[in-house]
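# Examination of the molecular architecture
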Amino acid sequence: MAGSEGEGGQRVGPPIEDRLGGPQAVDRRAVRLDKFLQVSRLVKRRTLADALCSNHRVRVNDHVAKASTAVRAGDIIEIDFGTRRVTARVLKVPDGAPPKSEAALLTEIVDRSRVREAW
């Protein structure tokens, strides 16, 4: 029934996964930034992640991010810890809290550098 008229005259097509090449083609799962920083072990506590976001020390894809910013696979996260900057690429967004052994698989550290001046 792909591409036919549905109830009320609306066009009914195949599911989005079929149109884009299968369910693995688009992974649009998202999670809050503060929660992701905690479960990925980039930051030790969620309250610390929230404080970093509140003080404009976290950027997602070159934009200053709030704690509620949605994080998806492929995003680049930059975190300023005083005079240190960590840049990480999101590889996978977890469904729940992963075990410690799998937390390292959520991100790839792209760069660790020193910043001349702390914010």
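My aim in this report is to walk through the structure given alongside it, one point at a time.

A few words now on the pairing of strand β7 (residues 76–81). Of the strand pairs in this sheet, strand β4 (residues 58–60) and β7 are connected by three bridges, and their pairing is antiparallel. Residue pairing for β7: Val60 is matched across the bridge by Ile77. Counting the residues that bridge the hairpin from β7 to strand β8 (residues 84–90) gives two residues, and of these Gly82 lies at a positive phi of roughly 65°.

Our focus in this paragraph is the pattern of salt bridges. Tallying each qualifying case throughout the model produces seven salt bridges. Two residues, Glu78 and Arg59, come together in a salt bridge whose shortest N-O distance is 3.2 Å. With Glu78 in strand β7 and Arg59 in strand β4, this pair connects stretches of sequence that are 19 residues apart. Side by side, Glu78 and Arg59 carry an identical accessibility label, which is buried. For Asp80, the salt bridge goes to Arg59, with nearest N and O atoms at 3.2 Å.

So, about a positive patch on the surface. A cluster of like positive charges, contributed by Arg41, Lys44, Arg45 and Lys100, occupies part of the molecular surface. With respect to the helices, strands and loops of the structure, Arg45 is situated in the loop between α2 (33–39) and α3 (46–54).

As a further point, take the sheet that holds β4. With antiparallel pairing, five strands are arranged side by side in an open sheet as β5-β4-β7-β8-β9. Every interior strand has two partners, whereas the edge strands, β5 (63–64) and β9 (107–114), have only one. Two strands pair when backbone bridges link them, and β4 and β5 are joined in this way by two bridges, in the antiparallel orientation. Of the residues in β5, the one forming a bridge with Val60 is His63.

Taken together, the buried positions of α3 are occupied by Ala49, Leu52 and Cys53. The arc that holds every buried residue of α3, seen down its axis, measures 100°, which confines them to one face. Buried-residue contacts for α3 involve α2, β4 and β7. The positive-phi residue at the C-terminal boundary of α3 is His56, with phi of around 60°.

A separate point is the side chain of Asp34. Position of Asp34 relative to the elements: it lies in helix α2. You can call Asp34 buried: its relative accessible area is 4%. Among the polar contacts listed, one links the side chain of Asp34 to the side chain of Arg32, at a separation of 3.1 Å. The residues touching Asp34, leaving out its near neighbours within four places in the chain, are Arg46, Ala49, Asp50 and Ala67.

What counts as what
Per-chain numbering applies: the sequence of each chain, read as written, is numbered from 1 onward. Owing to the predicted nature of the model, reporting of local features is limited to residues with pLDDT of at least 70; listing and counting of side-chain atom pairs is limited to 80 or more, with chain, interface and lining totals taken over all residues. Hydrogens are left out, water is left out, and the side-chain values use all remaining heavy atoms of the structure. One bridge is not enough; two strands pair if DSSP finds at least two bridges between them. Numbering of helices and strands runs from the N terminus; a helix is a DSSP stretch of H or I covering at least four residues, while a strand is a stretch of E covering at least two. We count a salt bridge whenever a side-chain nitrogen from Lys or Arg sits within 4 Å of a carboxyl oxygen from Asp or Glu. With a 1.4 Å probe rolled over the protein chains alone, any residue whose accessible area is under 20% of its type maximum counts as buried; one over 50% counts as exposed, and the rest are partly exposed. The residues that make up patches have over 30% relative accessible area and no salt bridge, and they are joined within 9 Å when like-charged or within 5 Å when they are Val, Leu, Ile, Met, Phe, Trp or Tyr. Note that accessible areas follow from Shrake-Rupley with a 1.4 Å probe, and for residues the cover is restricted to the protein chains shown. The charge count includes Lys and Arg as positive and Asp and Glu as negative, but it does not include His or the ends of the chains. To locate a charge, take NZ of a lysine, CZ of an arginine, CG of an aspartate or CD of a glutamate. An arc is given here, and it is the one of the directions from the helix axis to the C-beta atoms. Any pair of residues with heavy atoms lying within 4.5 Å of one another is described as a contacting pair. By the criterion applied in these results, polar contacts are pairs of N or O atoms within 3.5 Å in which, for protein atoms, one can donate a hydrogen and the other can accept it, and in which residues neighboring in sequence qualify only through two side-chain atoms.

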